[in-house]
Structure formats: structure tokens, C-alpha cells
Amino acid sequence: MTDRPRLTVLGTGYLGITHAACMASEGFEVLGVDVDAEKVAKLNAGEVPIYEPGLEELLADGLRSGRLQFTTSYERAAEFGDVHFVCVGTPQRRDGQGADLSQVNACVNALAPQLTRPCLIVGKSTVPAGTAVALAARVAEIAPAGDAAQVCWNPEFLREGHGVQDTLSPDRLVIGVRSARAEAVLREVYAPQLAAGIPMFVTDLATAELAKVAANAFLATKISFINAVAEVCDKANANVTVLAGILGADPRIGGAFLQPGLGFGGGCLPKDVRAFLARAGELGAGDALAFLRDVDAINLGRRTGMVNLAVEAAGGSIAGKSVGVLGAAFKPGSDDVRDSPALDVAQILHGMGAEVTVYDPAATENARKVAPELKYAETAIGAATGADVLLLLTDWPEFAQLDPAELGAVTAAKTIIDGRYMLDPAAWRAAGWHYRASGIPAASTADV
Ligand code: UDX
């Protein structure tokens, strides 16, 4: 159709680039906006600064077709767009647990004064409940279009590594709107998804804002639950991976996000749990979410627990010992090291005087930027060479194929701690390794 709404995407981070490229692939005219001129130039040249399968192709197609462009100009964006998607970052505040809304505020303050005709400002960034209502009041005040520039909220639920698929074909759509016009426009934007039968929840603004943090807090709770159970298994000489399988077989529980391990990290779960808790406190409902403090503490405790296991395996002191670390990314299939449990453990051990060598199939470059003090190897064998202790910290599928005999030939000692339960304890023990994992019975008690 000729009068399909024209879209802008404000903020070209992980979310913004993916959303912009996906919308262009569906035939929309899309203008991506970022204050970083260097990034904009790279995107216009077809360079994707993040690791996301399928995104480079979509970006190239969009640029080639002329439907997708990037700019630093908010003036151009205001003139171009009927729907403005706010996709800027909302990291944890430096001085607290809540969300830092400075990018959202800066974005709206730059856009709103230039809005002269009816349009929608659609927040996708994860924000505390109440943000959208406050923004709507501010936009009505500073936009020349006044009430005709409406604020809506449309949270995203995309997982890194699956961003394109999760955007084009999400489990559900959530739109928080205040008018029938806003709903109608967003139904037009998401017409392909609606035609495919994807459910759309039409809500008020606060419910839409809460949908995202509540979902992430639930996922985090599931992970911390099984990790807490792993601690109990450790004391009871029980097997947490077997137990997780048993729990997951109950359809009321479900096995997804019930994998024990070194816990969750990344750019979303940790900060969303904290921001949800902080906002609940501000709203006078802090007690209701007090358990999220435990969820966070259990999660961080897994990292300390891993450090303690490494020290124990090294004979009581890690200083001067050589530690091989397999994994730096916060999860497999990603080069993201934000709040990565693996990199955190590697850095703590380095801080304790260990000589740490890290191997990661994709995240080495990013890890080197934030942890230049560590050594990096090109292969798993490289990281294992000369190691007194080997730690498996990110569940990259390739680590499941590691050969205990091959690795045992290059390490200084055959000691491995499996932080992600990827290896077969019996096979590694049979190959002469001291295999240790929290919540997996010790060798002497493992025989059934
Ligand atoms: C997450 C949400 O899934 C997504 O909906 C939201 O929009 C953004 O945050 P992402 O950060 O890409 O996505 O990571 P995800 O795949 O959800 O994994 C989160 C963390 O939990 C990772 O560190 C992962 O290793 C860990 N995890 C996941 C576990 O430790 N156990 C599990 O069973 C599942």
C-alpha cells in the first residue's frame, strides 16, 4: 500500500539495528537514527557492529533497496517518521540498582520539539513502570503537534543470537496504547505478524512496561532456583542435572531456563531484575519483590562458588597457578561479554594472582577490550596448555566435544571444573581427570 506508515528507529544498538533491518525487510521505509556519527557511517556502509545471525544480509538488502537508511539528524527523523521507535539503552544506574533513563530522556527531548504532525512515539526500550506516562506528558508539552504526538509502549523480548527470528516472528506482541488510533497504526506496522496468527496483547502503558521486566525476572528466578538446588545437591551428593531433567518433565514446570550452571549474565537479565526491584521499592511494593534480591544473590554466588572450587582444586591457593578458561561470552552463540559470569570469574582469579588464559570461539575481541589483563588463546588446546586447573565457563556446544585425552596431554594437571555441566563426568574420570562440578556427586560416590 502506498500510505504505509514510515518508521524511524532511534538508537542503533543491538535492538535498534535488528528492528530497523527487520522492518525494512517487511517493506517499510525505515530511517535509523543514532548520535554516534561513526556508527551511522558504518551502518550506511553495511557493517553490522554486533554478532547476530542473518542481520548483515537483512541490512544489506535494506540498504540496497533504498528502504533503509541511517542518519544522525533528529530533524530529518521528525520530518520522515509516522512512527518513531525508541530503542536506546537503559543500563543500570552507576549510582544505584535502578535503570538509567538518560538516553531515553535525551532521545525524546531531541525528537519531540521537532514533531509538527500527528505521529506515534513507540518505546521499545526496557523502562520502569510509569516512564511512558511521564514521557507522554512531556511530549504533549514540548511537541508542536501537542496531543497528536502520542506515546505508546511496545516491549521487545528478543534474545541475542535469535534477534532476527524473534523480531520477525515473536511469541507475542504487546502494545500499551492510549487511543484507538495508536492501536490501529501499530496493527498496520505488525500486520505480517498478526496475519501469521501471532497474538497481540493490547494494554495500558504500565502493563506493557511491566511485561518485559516481569518476564525477565521470572526467567532469572527459574535459573536461580535450579542453581540454589545445585548447592543443596552438592551437600547431599545428589545430581542436579538429573534432577533438573526430572523437574522439567513436569509440564507445569517446563525444562526451559532450568539449566543449572554459572548463572545468568548479559545486557538484560541482571539489570532488569535489579531495576524491577528498585522500581517496586519506589512504588511502595518493594516487599513483594524482596525475593528478587535472593535471585540476584544466588546468581552472583555461583561466580564466587566457582572461584572457591578453582582455589580448592589448585590445592588451597591459586596465586601463581596457571588457569585455563573455556568461554568468555555470557552465553553461547554470542560475542557479548556484558556482565558475563565467565569473564567475571576469569578476572577474579587473575586478581587473586592466577595466570589466566581464556579461549572463546567468538568473544575474544570484546573480552580483550574489557579484560586486557588476561591472556587469550586461539583454541581450547591453547588455553589448556600448561594449566594447573581448567574451567569450563560458557556452554558453547563445541566444548561438549572436547577430548579428555587430547587435553590431558597438554595440561600441567588433569583437573577440570565444569561450570556448565557439559561434560560426561564418567568419561573424564575414566581418562584420569579430577572432574568437579557443583551439584554432581564426587567420583567415589558416583557409581550407582
Ligand atoms: C534475555 C531474554 O531471554 C529476552 O527475552 C530479553 O529480551 C533479553 O534478555 P538474552 O540476554 O539474549 O535474552 O539471554 P538469554 O538467552 O535469555 O540467556 C540469559 C542468561 O541466562 C545467559 O547468561 C544464559 O547463559 C543463562 N541461562 C539461560 C542459564 O544459566 N540457564 C538457563 O537455563 C537459561
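Residues numbered from 1 in each chain as written. Predicted model: local features only at pLDDT ≥ 70, side-chain atom pairs only at ≥ 80, totals over all residues. Heavy atoms only, no water.

1. Regarding the sheet that holds strand 13 (residues 415-418)
Piece 1. Pairing is parallel in the open sheet, where six strands are placed in the order 11-10-9-12-13-14. Two strands in the sheet have a free side with no partner beyond their single neighbour: strand 11 (375-376) and strand 14 (434-436).
Piece 2. Across three bridges, the pairing between strand 12 (residues 389-392) and strand 13 is parallel. Its bridge partner being in strand 13, Leu392 is matched across the sheet by Asp418. (Pairing = 2+ DSSP bridges. Helix = DSSP H or I, 4+ residues; strand = E, 2+ residues; numbered from the N terminus.)

2. Looking at the packing of aromatic side chains
Piece 1. Using the criterion set out here, one finds two aromatic pairs in the structure.
Piece 2. Consider the rings of Trp428 and Trp433, whose centres lie 5.0 Å apart with planes at 65 degrees: the pair is edge-to-face. Note on accessibility: Trp428 and Trp433 belong to one class, buried.
Piece 3. Across from the ring centre of Phe28, 3.9 Å away, lies the NZ or CZ of Arg4, which sits over that ring.
Piece 4. Lying across the ring of Phe157, Arg172 places its NZ or CZ 3.7 Å from the centre. (Phe/Tyr/Trp six-rings, centres within 6.5 Å; stacked < 30°, edge-to-face > 60°. Buried < 20%, exposed > 50% of the residue type's maximum accessible area, 1.4 Å probe, protein only. Lys NZ or Arg CZ within 6 Å of the ring centre and 35° of its normal.)

3. Remarks on unusual backbone geometry
Piece 1. The phi dihedral of Phe257 falls on the positive side, at around 60 degrees, and the residue is not glycine.
Piece 2. Within the fold, Phe257 resides in the loop between helix 11 (240-248) and helix 12 (269-282).
Piece 3. Look at Asp339: it is not a glycine, yet its phi comes out positive at around 45 degrees.
Piece 4. For Asp339, a relative accessible area of 29% translates into the label partly exposed.

4. Description of the layout of surface pockets
Piece 1. Of the volumes computed, that of the second largest pocket is approximately 230 Å³.
Piece 2. Looking at the second largest pocket, it is lined by 18 residues, and the ones nearest its centre are Glu231, Arg302, Gly305, Leu309 and Ser438.
Piece 3. Elements that contribute at least two residues to the lining of the second largest pocket include exactly helix 10 (205-236), helix 13 (291-313) and strand 13.
Piece 4. Here the element with the most residues in the lining of the second largest pocket is helix 13; it accounts for six residues.
Piece 5. For the lining of the second largest pocket, the class distribution of residues is six nonpolar, five polar and seven charged. (1 Å grid on protein atoms, 1.4 Å probe; cavity = no way out; pocket = protein on both sides within 12 Å on 5 of 7 lines; lining within 4 Å. Points joined across faces, edges and corners; volume = space filled by probe spheres on them. Nonpolar A, V, L, I, M, F, W, Y, C, P; charged D, E, K, R; others polar.)

5. Brief notes about the domain arrangement of the chain
Piece 1. According to the domain assignment, the chain consists of domain 1 (7-203) and domain 2 (217-447).
Piece 2. Between domain 1 and domain 2, the C-alpha centre-to-centre distance is 34 Å.
Piece 3. Facing the 14 residues of domain 1 at the interface are 14 residues of domain 2.
Piece 4. Sorting the residues of domain 1 by area buried against domain 2 places Tyr51, Gln97 and Glu160 first, and these three jointly supply 48% of that buried surface. (Domains from an automatic or database assignment. Contact = heavy atoms within 4.5 Å. Buried area = accessible area lost by both parts, 1.4 Å probe.)

6. Things to note about the packing of helix 12 against helix 13
Piece 1. Look at helix 12 against helix 13: their axes get within 9 Å of each other, and the N-to-C directions meet at 155 degrees. Between helix 12 and helix 13, the angle is such that the two are roughly antiparallel. Taken as a pair, helix 12 and helix 13 cross one another with a handedness that is left-handed. Every residue of helix 13 that contacts helix 12 at Val273, Arg274, Phe276 and Leu277 is listed here: Leu292, Arg293, Asp296 and Leu300. (Axes fitted to C-alpha atoms, helices over the stretch in contact; angles between N-to-C directions. Parallel < 35°, antiparallel > 145°, perpendicular 65-115°, else oblique. Left-handed = near helix turned anticlockwise from the far one by under 90°.)

7. Notes on empty space enclosed by the protein
Sizing a probe to match a water molecule and rolling it over the atoms shows the empty space that remains.
Piece 1. Evaluated as defined, the whole model comprises one cavity of 30 Å³ or more.
Piece 2. Quantified by volume, the largest cavity comes out at close to 70 Å³.
Piece 3. As for the largest cavity, its lining consists of 13 residues, and the residues nearest its centre are Val127, Pro128, Val213, Ala275 and Phe276.
Piece 4. Looking at the lining of the largest cavity, the elements with two or more residues in it are helix 10 and helix 12.
Piece 5. Here the element with the most residues in the lining of the largest cavity is helix 12; it accounts for five residues.

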